[in-house]
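So you can see what is in the structure, the chains are spelled out below.
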Amino acid sequence: MNKRPIIIDTDPGIDDALAIAIALYSEELDVKLITTVAGNVGIDKTTYNALRLLKFFDKENIPVAVGADKPLIRPYEDASSVHGKSGMEGYEFEDPTVAPITENAVNAMRKVIMESKEAITIVAIGPLTNIALLLKVYPEVKENIKEVVMMGGSASRGNKGVMSEYNVGVDPEAAYILFHSGLDITMVGLDVGMKALVLPEDSEAIKSMNKTGDMAYCLFKKYRGGSFNTGLKMYDSTAIAYLLAPEIYEVVDTYIDVELAGTMTAGCTLVDLRGYLKQPNNAKVCIDIDADKFREWFKESIRKCI
Ligand code: BDR
Ligand code: CA
């Protein structure tokens, strides 16, 4: 099968770690590049975590490029209360044996996109700073980007603020640039991520599956995206699930904008399902997910890992 070439832009992050694991062992995806961004923890830690994951998975041949250390305009705010101080608290990873590549994330993305015969899919599972910079500095890349699938935003309420989801809320201007880019965008938001739960019995099943399952179980014990006992929210894996199991979603075409001026609502995604804003559609949005099918898909995907 012809694998779909993807770039993962990420801030690992416990749920990022699982999304990366699934992508790396999917028969349908070819991870060409991992780019890091300041998000759940600072850029040094997200980069170190990406490298540690590739070491763990014996995939250090995949390049890691260092991205933005802060949002475009606003002050940086981390989410270490959810992922722990290191960003991947709970498991003793070995140190990586390779370093990030010398090119920064934006230049590295440009190179991979422009040199690829097949149009590239970008999976964005952190703040959108790198993606916004890429689109502004090298707009020619748009011609060879198949689509952007992003975990972030919300068609209802937020987790960073009342109305803002973390990945969009921490760098709203970057998200604004993406939504106004003209690219084919799919938003897999917080509201569907909140339904993508891994229940305690799933965690127990995963634990003994393989080395990845054991690692995931240890991280899950420390993860504060939901609760181990009532369900852990596997946000970032929902973006990968959109690529690999789209049938579990209900998806609609719509117009999405990002509130930038709001004194209390900056970073809110306005998912204009009823057409109030009278703008042409610029994105697809996942408005529902089959939670049971997600749990099954998630476990089967972990089973494919080492
Ligand atoms: C998003 O924020 C981060 O904490 C998670 O990794 C996910 O990408 C959820 O709002
Ligand atoms: Ca993330």
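Residues numbered from 1 in each chain as written. Chains lettered and ligands numbered in written order. Predicted model: local features only at pLDDT ≥ 70, side-chain atom pairs only at ≥ 80, totals over all residues. Heavy atoms only, no water.

Trainee: Break down the overall build of the protein chain for me, with residues and values.
Mentor: The secondary structure content of the protein chain amounts to 12 helices and 13 strands. Its C-alpha radius of gyration of 18 Å places the protein chain within 12% of the 19 Å reference for a compact globule of 306 residues. Taken over the C-alpha atoms alone, the protein chain extends approximately 50 × 40 × 40 Å along its principal axes. A burial count over the protein chain gives 57% of its 306 residues as buried. Contacts in the protein chain between residues far apart in sequence, at least 24 positions, make up 81% of those at least 6 positions apart. Entry remark: accessible area of the protein chain is about 12,500 Å², with carbon and sulfur atoms responsible for 49%. (Helix = DSSP H or I, 4+ residues; strand = E, 2+ residues; numbered from the N terminus. Rg over C-alpha atoms; globule rule 2.2 N^0.38 Å. Buried < 20%, exposed > 50% of the residue type's maximum accessible area, 1.4 Å probe, protein only. Contact = heavy atoms within 4.5 Å. Areas by Shrake-Rupley, 256 points an atom, 1.4 Å probe, with all protein chains shown as cover.)

Trainee: Quick one: what's the story with the sheet that holds strand β1 (residues 4-10), residue by residue and with numbers?
Mentor: Strand order in this open sheet of 8 strands is β3-β2-β1-β4-β5-β6-β13-β10, and the pairing throughout is mixed. The sheet is open, and its two edges are formed by β3 (64-66) and β10 (249-254), each paired on a single side. On average, adjacent strands in this sheet sit at an angle of 25° to one another, irrespective of strand direction. Pairing between β1 and strand β2 (residues 29-36): 7 bridges, direction parallel. Considered in β2, the bridge of Arg-4 is made with Leu-29. Sheet strands in contact with helix α4 (residues 105-115) are β1, β2, β3, β4 (120-124) and β5 (145-151), and its direction is about 160° off that of β2. (Pairing = 2+ DSSP bridges. Axes fitted to C-alpha atoms, helices over the stretch in contact; angles between N-to-C directions.)

Trainee: Please give an account of a nonpolar patch on the surface that cites residues and values.
Mentor: A contiguous nonpolar patch, built from Leu-72, Ile-73, Leu-133 and Val-137 and spanning about 330 Å² of accessible area, is present on the exposed surface. You can see Leu-72 is positioned in the loop between β3 and α3 (80-83). The class for Leu-72 is partly exposed, based on a relative accessible area of 32%. (Patch = residues over 30% accessible without salt bridge, like charges linked within 9 Å, V, L, I, M, F, W, Y side chains within 5 Å. Salt bridge = Lys/Arg side-chain N within 4 Å of Asp/Glu carboxyl O.)

Trainee: With reference to specific residues and values, describe the pattern of salt bridges.
Mentor: According to the stated counting rule, one finds 16 salt bridges in the structure shown. In this structure, Asp-30 engages Lys-32 in a salt bridge whose closest nitrogen and oxygen atoms are separated by 2.9 Å. Residue Asp-30 is classed as partly exposed on the basis of its relative accessible area of 26%. Of the residues examined, Lys-32 reaches a relative accessible area of 36% and is grouped as partly exposed. Arg-303 serves as the salt-bridge partner of Glu-300, at 3.3 Å between the closest nitrogen and oxygen. Of this pair, Glu-300 and Arg-303 both sit in helix α12 (residues 291-303), separated by 3 residues, roughly a single helical turn.

Trainee: Any chance you could break down the layout of surface pockets for me, citing the residues and the numbers?
Mentor: Its boundaries defined by the atoms lining it, the largest pocket holds a volume of some 290 Å³. Lining the largest pocket are 23 residues, with Val-82, His-83, Asn-159, Tyr-166 and Tyr-235 positioned closest to its centre. Only α1 (14-24), α3, α6 (166-169) and α11 (235-244) provide two or more residues apiece to the lining of the largest pocket. A total of 3 residues in the lining of the largest pocket trace back to one element, the largest contributor, which is α3. Here the lining of the largest pocket is composed, by residue class, of 7 nonpolar, 7 polar and 9 charged. Estimates place the volume of the second largest pocket at around 200 Å³. Arg-74, Lys-160, Ser-164, Gly-169 and Ala-266 are the residues nearest the centre of the second largest pocket, which is lined by 15 residues in total. (1 Å grid on protein atoms, 1.4 Å probe; cavity = no way out; pocket = protein on both sides within 12 Å on 5 of 7 lines; lining within 4 Å. Points joined across faces, edges and corners; volume = space filled by probe spheres on them. Nonpolar A, V, L, I, M, F, W, Y, C, P; charged D, E, K, R; others polar.)

Trainee: Run through the environment of Val-271, naming residues and quoting values.
Mentor: Locating Val-271 in the fold gives a position in strand β12 (residues 269-271). When the C-alpha atoms of Val-271 and Gly-153 are compared, they prove to be 9.0 Å apart, with 118 residues separating the residues in sequence. Excluding anything up to four places from it in sequence, Val-271 contacts Ser-154, Ala-155, Met-187, Thr-254, Tyr-255, Ile-256 and Val-285.

Trainee: So, the coordination of the calcium ion (ligand 2): which residues are in play, and what are the values?
Mentor: Here the calcium ion (ligand 2) is held by Asp-11 (OD), Asp-16 (OD), Asp-16 (OD), Ile-125 (O) and Asp-236 (OD), and the distances to it run 2.3 to 2.6 Å. Binding-site remark: the calcium ion (ligand 2) is held by donors from one chain whose sequence spacing is D-x4-D-x108-I-x110-D. Within this pair, whereas Asp-16 is found in helix α1, its partner Ile-125 is found in the loop between β4 and α5 (129-137), the two being separated by 109 residues in sequence. Each member of the pair, Asp-16 as well as Ile-125, is classed as buried. (Donors = N, O, S within 2.8 Å, 3.2 Å for Na, K, Ca; no water.)

Trainee: Which residues make up the nonpolar core, and what values do they have?
Mentor: Counting residues in each nonpolar core, the largest one holds 62 residues, and the members touching the most others are Phe-220 and Phe-298. Top element by residues in this core is α1. It accounts for 9 residues. In this structure, Phe-298 is in contact with Leu-18, Ile-22, Val-198, Ile-206, Phe-220, Met-234 and Ser-237, ignoring residues within four places of it in sequence. (Core = buried A, V, L, I, M, F, W, Y, C linked by side-chain atoms within 4.5 Å.)

Trainee: Tell me about the packing of aromatic side chains, residues and numbers included.
Mentor: In total, this model carries 9 aromatic pairs according to the counting rule given. When the centroid spacing of 6.1 Å and the interplanar angle of 55° are considered together, the rings of Tyr-242 and Tyr-249 count as tilted. The pair formed by Tyr-242 and Tyr-249 is uniform in burial state, with each residue classed as buried. Judged by centre distance (5.9 Å) and plane angle (25°), the rings of Phe-294 and Phe-298 are stacked. In this pair, Phe-294 and Phe-298 are both assigned in helix α12, 4 residues apart and thus about one turn of the helix distant. (Phe/Tyr/Trp six-rings, centres within 6.5 Å; stacked < 30°, edge-to-face > 60°.)

Trainee: Account for the pairing of β5, naming residues and giving values.
Mentor: The buried count for β5 comes to 6 of 7 residues, which makes it a mostly enclosed element. Since β4 and β5 lie parallel, the crossover through α5 that links them has a hand, and here it is right-handed. By the bridge criterion, 4 bridges tie β5 to strand β6 (residues 185-188) in an arrangement that is parallel. When the sheet's bridge partners are listed, Val-149 is paired in β6 with Thr-186. (Right-handed = clockwise from strand over helix to strand, strands pointing away.)

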